[in-house]
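Observations on the three-dimensional arrangement
Listed below are the residues making up each chain.
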Amino acid sequence: MKYAVIDRGDSISQSLAEQFHTLAAERGFIRNDDAPEIVVSIGGDGTLLQAFHKYVDRIMDVAFVGVHTGHLGFYADWQKNELPELVALMAEKELSIVRYPLAEIEVETTEGKFHYMALNEFTLKGVDGTLVAQINVNDEPFEMFRGDGIVISTPSGSTAYNKSVGGAIVHPSISSIQIAEIASINNRVFRTLGSSLLLPQHHHCDIISKKNQRMLLTIDQLSILRSDILSIRCNVSSRKVSFARYRPFPFWNRVRDAFVDMHEV
Ligand code: NAP
Ligand code: MN
């Protein structure tokens, strides 16, 4: 089994990475940073996002495992004291994979087209003031958006930024992208839908921006400032991300444990 480890860079995560390498060597796992089958992320959800983007070009050939060093993570479900158990299960248990949908965008600029994949979301925001953009759904004009920005999230990213702007939480078995608004302007003159909407796998939307706006495009933890974006085509990707599951942890339990303080009654 070929594996790689990505850690957050703090001393706890680094020493856990060392511990993982030692345990892995005892089991005969092969460390291979270029072509791993399993990528172990040690840190938080942000660390897993980094690991995802490092291996995004080989996304069909890798499966991720997340270890959290702080609070419960959405992608990181192993605790720091569980590495021996995790390595034992990796060695002995047959690999079980869950696959989550990804979002894909094609950004058209005056310099050409660029493609990106997101595990959590893309956001588009105005830099100098209100973002002004027309939104088309399946090539039909849908609305003219004016406001701070737009969040396009995956189901597993629906618990992140999307949740903060009032979007719904979507189970990752529903292949979809969610379009949510950030502070849209709604008055007698300007009008947007006002609620977030979910597009299925076979639909797409285009965000067509007013010319010469400086815009901030974020792709998970990455952000890009550009003033030459013409339009952005958003889709559910045909590719999915794989997570290696050595024990079950249902999505709704994760949501409950992260957001709801459910005391015994
Ligand atoms: P960060 O500022 O550390 O992330 C913000 C928080 O989001 C952290 O607590 C992070 O967990 C958590 N998070 C990440 N992915 C999540 C998910 N799928 N479900 C629930 N919580 C999640 O920055 P980062 O670690 O580089 O993460 C980038 C992400 O931050 C972006 O993809 C975006 O979703 C989120 N973000 C949220 C807001 C907002 O809610 N207003 C604003 C900007 C960015 P960890 O501490 O475990 O990393
Ligand atoms: Mn973080």
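Residues numbered from 1 in each chain as written. Chains lettered and ligands numbered in written order. Predicted model: local features only at pLDDT ≥ 70, side-chain atom pairs only at ≥ 80, totals over all residues. Heavy atoms only, no water.

1. Focus: the side chain of His68
Note the following rule: Labels follow the DSSP assignment, with helices taken as runs of H or I lasting at least four residues and strands as runs of E lasting at least two, numbered in each case from the N terminus. Burial here depends on accessible area, computed with a 1.4 Å probe over protein chains only, as a share of the maximum for the residue type. Under 20% is buried, over 50% is exposed, and the range in between is partly exposed. Counted as a polar contact is a pair of N or O atoms within 3.5 Å, where, for protein atoms, one must be capable of donating a hydrogen and the other of accepting one, and residues adjacent in sequence contribute only when both atoms are in side chains. The contact criterion used is simple: two residues touch if any of their non-hydrogen atoms lie within 4.5 Å.
Residue position: His68 is located in strand 4 (residues 63–68). Here His68 falls in the buried class, since its relative accessible area comes to 8%. In terms of polar contacts, His68 uses its side chain to reach the backbone carbonyl oxygen of Gly70, at 3.2 Å. A polar atom in the side chain of His68 sits 3.1 Å from the backbone oxygen of His71. Not counting chain neighbours up to four residues away, the residues in contact with His68 comprise Gly43, Gly73, Ala76, Asp77, Trp78, Gln79 and Lys80.

2. As for the side chain of Glu181
As a reminder of what qualifies: Residues scored as charged are limited to Lys and Arg (positive) and Asp and Glu (negative), so that His and the chain ends carry no count. For this document, the term salt bridge refers to a Lys or Arg side-chain nitrogen within 4 Å of an Asp or Glu carboxyl oxygen.
The residue Glu181 is located in strand 11 (residues 176–184) in this model. Look at Glu181: it is buried, it has no salt bridge, and the nearest opposite charge is Arg191 at 8.9 Å. Within polar-contact distance, the side chain of Glu181 engages the side chain of Ser184 at 2.7 Å. In terms of polar contacts, Glu181 uses its side chain to reach the side chain of Thr192, at 3.0 Å. Those residues in contact with Glu181, other than ones at most four positions away along the chain, are Glu143, Phe145, Gly149, Val165, Thr192, Leu193 and Gly194.

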